[in-house]
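This is what each chain is made of:
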Amino acid sequence: MIDRIKRLIKPSKAPEDLCSRLIIETVASCNLSCTMCPTTHYGPSHKGLMHERIFQKALSLVRENMQVILTGWGEPLIDSRLEKHIRLCKDAGAIVYIATNATLLRPDRARGLLDSGLDGLSISLDAGLPETYSRIRGGNFHNVIQNMASLACLREKINTKFWIDVSFVTMRLNISEMASFLKLVSDIGVNSATITPRYLIFSEEDFSRHFVPLDEVMNAFQDAQGKVSTGSMELRTYALENFPQGDCLAEAVKTAFISFKGQVSACCNLGHPAPRYLPSTGESMDPFTIFGSIENQDFEHIWSSKKFIKFRKSLSLGIIPRPCKGCLLVSTRDQIPVAIVSK
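As the structure is a computational prediction, the values presented were derived from the model and not from experiment.

Following the criterion strictly, the structure yields nine aromatic pairs and no others. Look at Tyr199 and Tyr238: their rings are 6.3 Å apart centre to centre, the planes differ by 90 degrees, and that puts the pair in the edge-to-face class. One end of the pair, Tyr199, is in the loop between strand 6 (192-196) and helix 7 (204-210); the other, Tyr238, is in the loop between strand 7 (234-237) and strand 8 (255-258), and 39 residues separate them in sequence. Residue Tyr238 is classed as buried on the basis of its relative accessible area, which comes to 2%. Of the aromatic side chains, those joined through ring pairs into one cluster are Phe291, Phe299, Trp303, Phe308 and Phe311. Stacked on the ring of Phe308, the Lys or Arg Arg312 has its end atom at 4.7 Å from the ring centre.

Right under this line is the structure:
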C-alpha cells in the first residue's frame, strides 16, 4: 500500500548518508482482508497499534522538510490518535501523507484530516465494479466511493492543494475493469490515478491465479486510456517502468520503516514476515529483515550499523540484497524473466 505514496512527495534534498524519509507504522491491523495484502499472511503477533511511547521516539527523528508517511501494512484510520500524530509531525516541519482503504473516511474524519494539515493521501480501490471490489477487498464499494466524493468536495473548501491519489493494483480479477475504474475516479475529481502490478507475490498459487504479466498490464492501461477521457487527472504507472538508478521504487536507500513495535527496517515490505515467492526460480523465502529497535537502541546507531549500511550500499550499486529478491519494486525484468512475463 504505502510505497505508492512516494510519487506524491517531492524528492528530498537531504545528504545521501542521512535518513530523509520515515515510514511510521502507527497501525499494523486492518478492517479488511485483501487478497494481495501481506497482513493476510502473517499472524497476530505482528498486528496492533503503536504505543504512544514508541511514537514519541519516532517523532523525535522528524525534522524540517522530512517525508513522513504514517502508514505501514495497516489501516491508519483505525487509530483515533491519527489526526494528533499528523499535527505533531507537521509541527516538526514534515511533509505528511497516509494511505487508506477509505472505508472509515466518513465526512467528519475527512474534515479532521484536512484540518490536521495532512498534505495528501493515497486511496486503495483496485476495482471498477462493486462485485469485484467485494471479491478483492470485502468492503462496501458504494460507501468507499461516497467517502471519496465527500473528501474531494471538502478539499475544494478547505485546502485545494491537498492531493488525492487512487490506486489500482492489477490482478486477473480486475484487469478488465481498468477503464471503468479510471472513469469512476476521474468523475469524482481526484488528482491522480495509479496503475500498479502485483509487486509482491506470496506463493506459486498466488502467482498463477492472480499475477498479470507486465506487458499485459501496460497494454490494458493504454487501451483504457483510449476509451476514457480523464480530463486533468494525472495517470501514473508504478513498478512498470522508469526504475531509479542507485535505489528502488520504495526508496529504501534513504528510508527507515519503523514498525508499530519500534523495529527498524528499510521498507514496509521487509518489516513483517510475509512469505515471498520468486517466480524466476520457483523458490519461497522469508524477507523479514530488522536492523534494530528504537525501543532500546539509538536510531543513529541503527542507521549507521554495518548491516544497514551494507544493505543500502548494495541497492545503491544495483546489487539486489537477498531480502529484496522477488519484490518488483527493485527490478521487474530481473525478477520475472521475459519468458515468464510473456506467457
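The set of residues buried in helix 10 (residues 306-316) consists of Phe308, Phe311, Arg312, Ser314 and Leu315. Buried residues in helix 10, looked at end-on, bunch into an arc of 155 degrees, giving them a common side. The outward face of helix 10, more than 90 degrees from its buried face, is lined by the exposed residues Lys306 and Lys310. Residues of helix 10 that are buried sit in contact with strand 8, strand 9 (263-265) and helix 9 (299-303).

The next thing to look at is the nonpolar core. With 111 residues, the main nonpolar core has Val68, Leu70 and Leu121 as its most contacted residues. Element by element, the count of residues in this core is highest for helix 5 (residues 141-158), at seven residues.

Moving on, we come to the pattern of salt bridges. Pairing is possible between side chains that carry opposite charge, provided their charged atoms lie close to one another. One pass over the structure, following the stated rule, counts 16 salt bridges. Glu295 is paired through a salt bridge with Arg53; the nearest N and O atoms lie 3.1 Å apart. One end of the pair, Glu295, is in the loop between strand 12 (292-293) and helix 9; the other, Arg53, is in helix 1 (residues 52-59), with 242 residues separating them in the sequence. A residue is classified by how much of its surface remains accessible, and Glu295, at 30% relative accessible area, is partly exposed. Of the charged contacts in the structure, one is a salt bridge between Arg172 and Glu216, with a shortest N-O distance of 2.8 Å. One end of the pair, Arg172, is in the loop between strand 5 (163-169) and helix 6 (178-188); the other, Glu216, is in helix 8 (residues 214-227), and 44 residues separate them in sequence.

Restricting attention to buried positions, one finds in helix 3 (residues 107-116) the residues Arg109, Ala110, Gly112, Leu113, Leu114 and Ser116. On the buried face of helix 3, the contacting elements are helix 2 (82-91), strand 3 (95-100), strand 4 (120-124) and helix 5.

Let us now look at the packing of helix 6 against helix 8. One way to put it is that helix 6 packs onto helix 8 with a least axis distance of 8 Å and a crossing angle of 50 degrees. Regarding the angle of helix 6 to helix 8, the classification is oblique. By crossing handedness, the relation of helix 6 to helix 8 is classed as right-handed. Along its contact with helix 6, which presents Met178, Ala179 and Leu182, the element helix 8 presents Val217, Ala220, Phe221, Ala224 and Lys227.

Rules used in this analysis
- Residues numbered from 1 in each chain as written.
- Predicted model: local features only at pLDDT ≥ 70, side-chain atom pairs only at ≥ 80, totals over all residues.
- Heavy atoms only, no water.
- Phe/Tyr/Trp six-rings, centres within 6.5 Å; stacked < 30°, edge-to-face > 60°.
- Helix = DSSP H or I, 4+ residues; strand = E, 2+ residues; numbered from the N terminus.
- Buried < 20%, exposed > 50% of the residue type's maximum accessible area, 1.4 Å probe, protein only.
- Lys NZ or Arg CZ within 6 Å of the ring centre and 35° of its normal.
- Arc of directions from axis to C-beta.
- Contact = heavy atoms within 4.5 Å.
- Core = buried A, V, L, I, M, F, W, Y, C linked by side-chain atoms within 4.5 Å.
- Salt bridge = Lys/Arg side-chain N within 4 Å of Asp/Glu carboxyl O.
- Axes fitted to C-alpha atoms, helices over the stretch in contact; angles between N-to-C directions.
- Parallel < 35°, antiparallel > 145°, perpendicular 65-115°, else oblique.
- Left-handed = near helix turned anticlockwise from the far one by under 90°.

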